[in-house]
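Architecture and fold: a report
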Amino acid sequence: MDNTDLLSGYLLTCAAISLSVLFWFTTMKDQLFAAPIAQLGDFCFDEKVVEVFPDMIQRSVPGYSNILSAIGMMTARFAQPGSNLYDLGCSLGAATQMMRRNIAHADCQIIGVDNSAPMVERCRQHLATYKSAVAIEIRQADIQAVEIENASVVVLNFTLQFIEPAERITLLRRIYAGLRPGGILILSEKFRFDDADVSDLLVELHLDFKRANGYSELEISQKRTLLENVLRADSVDNHKQRLQDAGFEHIDLWFQCFNFGSIVAIKDKGAVA
Ligand code: GEK
């Protein structure tokens, strides 16, 4: 890589960050749980959530925009000519868009998948407002039923945590099998910590982060109750072990902020295709 490559990479990253910031500021503020809710069921990604989603995820997930920027940077390095890139649990396509802006090969295809109909509809509308030579397909489907093939980059950005824990290994094995040698999985999650003191500290710091972002105690506790049955976090060690069991040869945590973070898992360049 020479200086021109580095400079254009830097400029691309800055442009991507500005775009995502613009994306956040043009959406509605999340006030879904500001008033008391009589019967709290399970959280679901419905029309109301879609309306406020960019604001919600930005104010709830520490490090979210840093992770998105890095997904763009890793895409620039790992996307292989003529390959597929997957954004599994794509929501409104924030990671899809980062990937699209950073692919150096126009013959790649990005496949975004989400099982929420309102998310998929809004995602398609949103992505259609940007021009690009890279083909994008947004599918409404369960990520556990999607075939992964000829892949160089797979992103699970805060999605695996919504999959039944016992079924996670099957999905990861299919991802490994569908990746080309040298391909990468970027797995971002909310983490659980076994040490009680560390766990308490990181959970409290996350709550402070939400308070600093304007969420009230009521909003925080109602959202927590709603997510209790649907978001099941694993420890970093659990994730690493499962990725190893799925076949990945190179695995490590590359980012962490409080109890949220992201892991890279790479299929060895010499692995059987
Ligand atoms: C982002 N990646 O902005 N099949 C398909 N989609 C699913 C499934 C499933 N089984 N389960 C959940 N989802 C995004 C953020 S949000 C994370 C991802 C969050 C979808 C669900 O509909 C939602 O859109 C997404 O996964 C999780 O980078 O809200 O904490």
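Look a little higher up for the structure.
Residues numbered from 1 in each chain as written. Predicted model: local features only at pLDDT ≥ 70, side-chain atom pairs only at ≥ 80, totals over all residues. Heavy atoms only, no water.

Here's the deal with the overall build of the protein
Regarding its fold elements, the protein presents nine helices and seven strands. In the protein, buried positions account for 48% of the 273 residues. Accessible area of the protein: about 12,900 Å², with a carbon and sulfur share of 54%. (Helix = DSSP H or I, 4+ residues; strand = E, 2+ residues; numbered from the N terminus. Buried < 20%, exposed > 50% of the residue type's maximum accessible area, 1.4 Å probe, protein only. Areas by Shrake-Rupley, 256 points an atom, 1.4 Å probe, with all protein chains shown as cover.)

Observations regarding the site of the ligand
Lining the immediate surroundings of the ligand are 20 residues, of which Tyr64, Gly89, Ser91, Asp114 and Asn157 lie closest. Computed on the free molecule, the ligand has an accessible area of 660 Å², of which 93% lies beneath the protein chains in the complex. Tallied by class, residues from the shell around the ligand come to 11 nonpolar, seven polar and two charged. (Near = heavy atom within 4 Å. Nonpolar A, V, L, I, M, F, W, Y, C, P; charged D, E, K, R; others polar.)

Re the sheet that holds strand E7 (residues 260-266)
Within the open sheet, the seven strands sit side by side as E3-E2-E1-E4-E5-E7-E6. Their pairing is mixed. Whereas interior strands pair on both sides, the edge strands pair on one side only; in this sheet they are strand E3 (135-140) and strand E6 (250-257). Adjacent strand axes in the sheet meet at a mean angle of 15 degrees, parallel and antiparallel pairs treated alike. On the sheet, helix H3 (residues 64-78) packs against strand E1 (84-88), strand E4 (151-157), strand E5 (179-190), E6 and E7 and is oriented at approximately 175 degrees with respect to E4. Seen against the sheet, helix H9 (residues 236-246) touches E5, E6 and E7 and runs at an angle of roughly 155 degrees to E6. (Pairing = 2+ DSSP bridges. Axes fitted to C-alpha atoms, helices over the stretch in contact; angles between N-to-C directions. Contact = heavy atoms within 4.5 Å.)

Here's the deal with the pattern of salt bridges
Here the structure, examined in full by the defined rule, presents nine salt bridges. Residue arginine 139 pairs with glutamate 137 through a salt bridge whose shortest N-O separation is 2.8 Å. With relative accessibility at 26%, the residue arginine 139 sits in the partly exposed group. Judged by its relative accessible area of 30%, glutamate 137 falls in the partly exposed class. Glutamate 204 is paired through a salt bridge with arginine 211; the nearest N and O atoms lie 3.9 Å apart. According to the relative accessible area criterion, glutamate 204 is partly exposed, its value standing at 40%. Judged by its relative accessible area of 31%, arginine 211 is partly exposed. Three or more residues are tied together by salt bridges with common partners; here these are Arg168, Asp234 and Arg242. (Salt bridge = Lys/Arg side-chain N within 4 Å of Asp/Glu carboxyl O.)

Observations concerning unusual backbone geometry
One non-glycine residue, serine 91, adopts positive backbone phi at about 50 degrees. Along the chain, the position of serine 91 falls in the loop between E1 and helix H4 (94-102).

Remarks on the environment of lysine 48
You can see lysine 48 is positioned in helix H2 (residues 47-60). Sequence separation of lysine 48 and proline 118 is 70 residues, and the distance between their C-alpha atoms is 9.2 Å.

Quick word on H3
Between its first and last C-alpha atoms H3 spans 21 Å; for 15 residues at 1.5 Å apiece the expected length is 21 Å, and the two agree. For H3, the full list of buried residues reads Tyr64, Ile67, Leu68, Ser69, Ala70, Ile71, Gly72, Met74 and Thr75. (Expected span 1.5 Å × (residues − 1).)

Some words on the side chain of arginine 242
Mapped onto the elements of the fold, arginine 242 is located in helix H9. Accessibility expressed as a relative area gives 12% for arginine 242, which makes it buried. Within the local environment of arginine 242, its side chain forms a polar contact with the side chain of aspartate 234, the two groups lying 2.7 Å apart. When near neighbours in sequence (up to four residues on either side) are disregarded, arginine 242 contacts Leu160, Pro165, Arg168, Ile169, Leu172 and Asp234. (Polar contact = N/O pair within 3.5 Å; in protein donor to acceptor, adjacent residues only side chain to side chain.)

A closer look at the pairing of E7
Of all seven residues in E7, six are buried; the element is thus mostly enclosed. As paired strands, E5 and E7 are joined by seven bridges and run antiparallel to one another. Residue glutamate 189 lies in a different strand from E7, and its bridge partner there is glycine 261. Summarising the sheet, E6 and E7 pair through seven bridges and their orientation is antiparallel. Across the sheet, residue cysteine 257 finds its bridge partner in E7, namely phenylalanine 260.

Section: the packing of helix H6 (residues 168-178) against H9
Axis separation between H6 and H9 bottoms out at 8 Å; the angle between their running directions is 50 degrees. The angle between the axes of H6 and H9 places the two elements in the oblique class. Crossing of H6 against H9: the hand is right-handed. Facing H6, whose interface residues are Arg168, Ile169, Leu172, Arg173 and Tyr176, H9 presents Arg242, Leu243, Asp245 and Ala246. Of the residues contributing to the contact of H6 with H9, the split by class is five nonpolar, no polar and four charged. (Parallel < 35°, antiparallel > 145°, perpendicular 65-115°, else oblique. Left-handed = near helix turned anticlockwise from the far one by under 90°.)

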